[in-house]
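The chain contents come next:
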Amino acid sequence: MKEFTHILPVDSSGFYGRYGGAYIPEILHSNVEKLKEAFYRYASDDEFMAEYHRLLRDYVGRPTPLYRADRLSSHYNTNIYLKREDLNHTGAHKINNAIGSVLLACRMGKRSIIAETGAGQHGVAVATVCALMGLECVVYQGALDVERQQPNVQRMKMLGAKVVPVESGNKTLKDATNEAIRHWCCHPESFYVIGSTVGPHPYPEMVAYFQSVISSEIKKQLSELTGRDYPDAVIACIGGGSNAAGAFYHFIDNDKVSLIAAEAGGLGVDSGMTAASIMAGTEGIIHGARTLVMQTPDGQITEPYSISAGLDYPGVGPLHAHLAKTGRTRTVAVNDDEALEAAFRLTRTEGIIPALESAHALAVLDKIQFAPDATVVVNLSGRGDKDMHTYMKYAK
Ligand SMILES: *Cc1c(COP(=O)(O)O)cnc(C)c1O
């Protein structure tokens, strides 16, 4: 059997520098150990990975295009390439991880899947793959999000998933995640699919691995388009950090590539209405990992705010906390109004309506001036259909 190759800067206990680890209740210990064993085994198994890539190709529609956005490039006087994750089946990058994780669950003999979801993109992706593979699916979603995100709730139900509204706390993603973990403690026979590079080790490494197909495609596509297999910069938005981890993965070791993370400033990093966990957060533990968390001085997690439900999370994956604190990534906070403006700009110059989350990455182009001959890749993590009600409120 081959050995799994760790590309990420993670040690055997799941620490990225000072961040990460697995802070979990005793009852989940053996589950997480078994998951780790299975993940390392199957991630280096040719047959498993061939099945994963076959599904990505024939079911999800990969490789997604790397598109040179000519009119946007002229506007910013540089060379902008969009990695079109919005063209994936179900409309975002989340399905890459859902396919890998649910396939792994099948190999481990699991028949029932649980997941948490905020806006519903991860819930829809997991419900989709469960329908595809004939598995039972329970999705925890904050009651407020269930109300706000009806189209995705309906999609999950049509796909056969059971959606459980969570009434605790703020009734959003953080509370849904708490509840999913609680359910997992009572049902250790089920498989928990986490939707981002968060949670206890090995989840952040596993989710990043299943998303790393994004940067491996970028390398190949750039080399065909420009004759060089790396760009000058990669820009991605950060909620928990999975699309950014996937887009950065194969460039982390290449210092020539500047990696830029756009987090949700909300109404402003210092406004108290923000989800910028790297800039406004301090070290703490959330959902099984030590990382940067928005919290009060006595450790109460503060409620995050962003116009974008997918970025509305009070923590960030430990990989990103580490990359930011060691200076490998540059973090830019993008406020609601700046993201909206960038969404309308992309729509009117390229005819592509981006997800509000992805619009945060696009807005970085208004804040950083790149050289006229630079190659800049923006990861377009998802499409904007789900955000139409928000866009219409602000339409000029
Ligand atoms: C969920 C989501 C995000 C944020 O999650 P990450 O794990 O940080 O990638 C970003 N964009 C879209 C379209 C999403 O659905």
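Thresholds applied
Residues numbered from 1 in each chain as written. Predicted model: local features only at pLDDT ≥ 70, side-chain atom pairs only at ≥ 80, totals over all residues. Heavy atoms only, no water. Helix = DSSP H or I, 4+ residues; strand = E, 2+ residues; numbered from the N terminus. Rg over C-alpha atoms; globule rule 2.2 N^0.38 Å. Buried < 20%, exposed > 50% of the residue type's maximum accessible area, 1.4 Å probe, protein only. Contact = heavy atoms within 4.5 Å. Areas by Shrake-Rupley, 256 points an atom, 1.4 Å probe, with all protein chains shown as cover. Core = buried A, V, L, I, M, F, W, Y, C linked by side-chain atoms within 4.5 Å. Near = heavy atom within 4 Å. Polar contact = N/O pair within 3.5 Å; in protein donor to acceptor, adjacent residues only side chain to side chain. Lys, Arg positive; Asp, Glu negative; His and termini not counted. Salt bridge = Lys/Arg side-chain N within 4 Å of Asp/Glu carboxyl O. Pairing = 2+ DSSP bridges. Axes fitted to C-alpha atoms, helices over the stretch in contact; angles between N-to-C directions.

Focus on the overall build of the chain
Part 1 of the argument: In terms of regular secondary structure, the chain is built from 16 helices and 14 strands.
Part 2 of the argument: In terms of overall size, the chain behaves like a compact globule, its C-alpha atoms giving a radius of gyration of 19 Å where 396 residues would be expected to give roughly 21 Å.
Part 3 of the argument: Projected onto its principal axes, the C-alpha positions of the chain cover 55 × 45 × 40 Å.
Part 4 of the argument: Residue burial in the chain is summarised as follows: out of 396 residues, 63% are buried.
Part 5 of the argument: The contacts in the chain between residues at least 6 apart in sequence include a share of 73% that link residues at least 24 apart.
Part 6 of the argument: With the model as given, the accessible surface of the chain reaches about 15200 Å², and the carbon-plus-sulfur share is 51%.

Overview of the nonpolar core
Part 1 of the argument: Residues Phe39 and Leu104 are the most contacted members of the largest nonpolar core, which totals 94 residues.
Part 2 of the argument: Leaving out residues up to four positions away in the same chain, leucine 104 has contacts with Leu35, Ala38, Phe39, Tyr42, Phe48, Phe191 and Met206.

A look at the site of the ligand
Part 1 of the argument: As a matter of local geometry, the ligand sits amid 18 residues, with Lys94, Ser196, Gly239, Ser242 and Ser381 nearest to it.
Part 2 of the argument: Within the side chain of asparagine 243, an N or O atom sits 2.8 Å from an oxygen atom of the ligand.
Part 3 of the argument: Considering the ligand on its own, with 380 Å² of exposed area, one finds that the protein chains cover 96% of that surface.
Part 4 of the argument: Counting residues per element, the ones that place at least two in the shell around the ligand are strand 9 (233-238) and helix 11 (242-248).

What to know about the side chain of glutamate 263
Part 1 of the argument: By the element assignment, glutamate 263 lies in strand 10 (residues 258-266).
Part 2 of the argument: Of the side chains with opposite charge, lysine 325 lies nearest to the buried glutamate 263, which makes no salt bridge, at 9.5 Å.
Part 3 of the argument: The contacts of glutamate 263, once residues within four sequence positions are left out, are Ile238, Ala275, Ala276, Ser277, Ile278, Met279, Thr331, Val332, Ala333, Val334 and His360.

Structural notes on the sheet that holds strand 5 (residues 112-117)
Part 1 of the argument: What the four strands build is an open sheet, ordered 7-6-5-8; its pairing is parallel. Looking at the sheet topology across the chains shown, the edges are occupied by strand 7 (162-166) and strand 8 (191-193). Neighbour-to-neighbour, the strand axes of this sheet turn through a mean angle of 25°, independent of strand direction.
Part 2 of the argument: Sheet topology note: the strand 5/strand 8 ladder contains three bridges and is parallel. Across the sheet, isoleucine 113 pairs through a bridge with phenylalanine 191, a residue of strand 8.

Worth remembering: the numbers are spatial, not functional.
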